[in-house]
Amino acid sequence: MRTPVLARLNFESSLLAGGVEHVRSRSTAAFLFIRPLVMARRMSMITENKPPVQPTTQPKVGIVSLGCPKALVDSERIITRLRAEGYAIAPDYQGADLVLVNTCGFLDSARDESLEAIGEAIEANGKVIVTGCLGAEPEVIQKAHPKVLAVTGPHQYEQVMDAVHTHLTPPPNAFADLVPETGMRLTPRHYAYLKISEGCNNRCSFCIIPKLRGDLVSRPIHHVLTEAERLVKAGVNELLVISQDTSAYGLDVKYAPQMWRGEEYETRFLDLAKGLGELGAWVRMHYVYPYPHVDKVIPLMAEGKILPYLDIPFQHASANVLKQMKRPAKQDRVLERIQQWRRDVPGMTIRSTFIVGFPGETEEDFEILLDFIREAKIDRAGCFKYENVEHAESRLLDGHLPEEVKEERWHRFMSLQAEISSERAAAQIGTTQDIIIDGPGEEPGEMLGRSKADAPEIDGVVYLANASHLKQGDIVSARINDADEYDLFADLA
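Residues numbered from 1 in each chain as written. Predicted model: local features only at pLDDT ≥ 70, side-chain atom pairs only at ≥ 80, totals over all residues. Heavy atoms only, no water.

Novice: What should I look at first to understand empty space enclosed by the protein in this one?
Specialist: Using a probe with the size of a water molecule, rolled over the atoms, empty space left in the structure can be pinpointed. Tallied over the entire structure, the rule returns 5 cavities of 30 Å³ or more. Space inside the largest cavity adds up to approximately 790 Å³. Residue lining of the largest cavity: 45 residues in total, with K70, F106, Q244, Y287 and F384 positioned closest to the centre. Elements with a contribution of two residues or more to the lining of the largest cavity: α1 (69-84), α5 (209-213), β12 (238-242), β17 (349-356) and β18 (380-385). Residues belonging to the lining of the largest cavity are distributed by class as follows: 30 nonpolar, 8 polar and 7 charged. (1 Å grid on protein atoms, 1.4 Å probe; cavity = no way out; pocket = protein on both sides within 12 Å on 5 of 7 lines; lining within 4 Å. Points joined across faces, edges and corners; volume = space filled by probe spheres on them. Helix = DSSP H or I, 4+ residues; strand = E, 2+ residues; numbered from the N terminus. Nonpolar A, V, L, I, M, F, W, Y, C, P; charged D, E, K, R; others polar.)

This is the structure:
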């Protein structure tokens with residue numbers, strides 16, 4: 001597994017083409033938070049009466065982006081607006097006229113990291129605007145860092161731009177011609193995150209996302225499909241569908257129908273999968289809750305329309321713990337459904353996340369969880385030790401467990417998951433699979449890629465020998481000849 005990535009990206013070489021250089025870490029840890037450091041921060045409109053900076057050259061903004069892929073998409077949209085108005089993107093603190101920090105506030109550890117990043121930006125640059133999830137609590141940011149220029153909440157793009165205008169005079173002429181039709185992207189050119197909604201209607205007791213980002217707001221399906229179509233035309237070969245609850249897509253608009261390519265599509269999960277499946281790219285579904293209607297998407301995987309990959313945040317398997325968590329979707333028959341999915345789509349990959357040490361979790365509850373991942377053969381699993389997150393309802397529950405119990409259960413979980421992952425990887429030896437190329441490896445002639453079972457940054461990689469003639473984004477056929485716990489080794493078929 002991987003440690004959290006905090007990668008400082010150099011924008012000068014690639015932003016004008018709509019992407020950035022790819023940075024990857026291969027060290028070990030229990031779960032990956034994607035935290036590309038692009039320099040952007042969240043803010044609530046609390047400003048000081050200081051005159052805006054009036055640079056003598058093109059004004060430059062630095063972006064530090066923390067948190068999940070959904071926050072990364074927010075950073076992409078902010079950068080797109082900045083470039084459209086003629087601002088340049090600075091590659092470091094020293095070259096920036098001001099710095100935006102896009103924060104994460106999901107866990108207390110993420111809050112601490114965000115506050116630390118804000119402090120680093122203030123020390124290194126001095127002119128800092130904060131945005132993102134932690135920006136929903138401006139008083140926390142202002143107390144820790146009273147020198148911040150402004151604070152806004154998540155996906156408040158207009159407020160972010162207003163704050164930038166206040167503290168950094170816009171250039172006289174916009175440079176819209178420098179912005180690609182697909183907008184600015186912070187991912188490599190061959191894959192892109194496709195955010196289909198904001199917010200969440202669920203009220204899980206451990207989660208504060210609805211407090212930070214509000215209730216579910218689905219994007220119109222024809223807007224999503226049109227964006228996806230433009231991305232594919234621009235050279236994107238893999239679309240990663242993200243939201244807080246992907247399978248609830250369209251619930252808030254009562255699955256309103258829209259026209260795309262002369263056909264009617266309802267704003268719902270199934271029609272979204274059908275539409276994306278017509279684009280000829282790899283389509284990977286993330287954050288899918290196991291509602292019954294998810295079963296209807298499985299035939300599209302069997303047909304090869306979308307990837308045989310589901311990222312489902314089960315979080316636990318014990319009915320008692322799930323009830324305390326207030327998890328949505330009925331959890332009964334989940335194991336039976338997974339087994340049926342695998343019969344319908346042999347080789348299907350299931351990624352999930354779990355929480356151990358939740359208040360009231362007994363040893364019996366934990367053993368139920370271990371039995372579940374063993375029987376379900378979860379291919380990829382991240383595990384969190386429960387954190388008593390500020391403002392989460394779970395703080396008020398009885399039966400909070402000592403840290404040493406959480407730690408012991410986390411190690412037992414990860415040990416079992418490593419065994420399962422190793423067995424699943426070993427079973428791939430001798431097979432021939434399609435591999436998408438991410439870039440060069442460390443060995444001469446080696447290229448790094450991923451199979452259909454591997455999402456970028458959070459899953460494994462395929463080490464492809466004697467393949468230096470390939471380029472990023474190529475999809476090739478390769479024969480797997482070896483494996484370790486998480487990664488595969490292959491030669492071109």
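Read on for the rest.
Novice: Any chance you could explain the packing of aromatic side chains here in plain terms?
Specialist: One pair of aromatic rings is described through two measures. These are the centre distance and the angle between the planes. Under the counting rule described, the total for this entry stands at 10 aromatic pairs. Between F354 and F413, the ring centres sit 5.4 Å apart and the planes meet at 50°, which makes this aromatic pair tilted. Remark: F413 occurs in helix α12 (residues 403-426) and F354 occurs in strand β17; sequence separation between them is 59 residues. Given the relative accessible area of 0%, F413 is considered buried. Summarising the aromatic geometry, the rings of F358 and Y386 are spaced 5.2 Å apart at their centres and angled 75° between planes, so their arrangement reads as edge-to-face. With F358 in the loop between β17 and α11 (363-376) and Y386 in the loop between β18 and α12, this residue pair connects regions lying 28 residues apart in the sequence. This pair shows no difference in class: F358 is buried, exactly as Y386 is. Members of the aromatic cluster, joined through ring pairs, are F314, F354, F372 and F413. The side chain of R268 reaches across the aromatic face of Y255, ending 4.0 Å from its centre. Between K385 and the ring centre of W410, over which it is positioned, the NZ or CZ distance is 5.3 Å. (Phe/Tyr/Trp six-rings, centres within 6.5 Å; stacked < 30°, edge-to-face > 60°. Buried < 20%, exposed > 50% of the residue type's maximum accessible area, 1.4 Å probe, protein only. Lys NZ or Arg CZ within 6 Å of the ring centre and 35° of its normal.)

Novice: I'm lost on α1 in this one. Help?
Specialist: Between its first and last C-alpha, α1 extends 22 Å over 16 residues, near the 22 Å set by a 1.5 Å rise per residue. Counting buried positions over the 16 residues of α1 gives 13, a clear majority of the element. Phi turns positive, to about 95°, at G86, one or two residues after α1. (Expected span 1.5 Å × (residues − 1).)

Just geometry here; none of it tells us what the structure is for.
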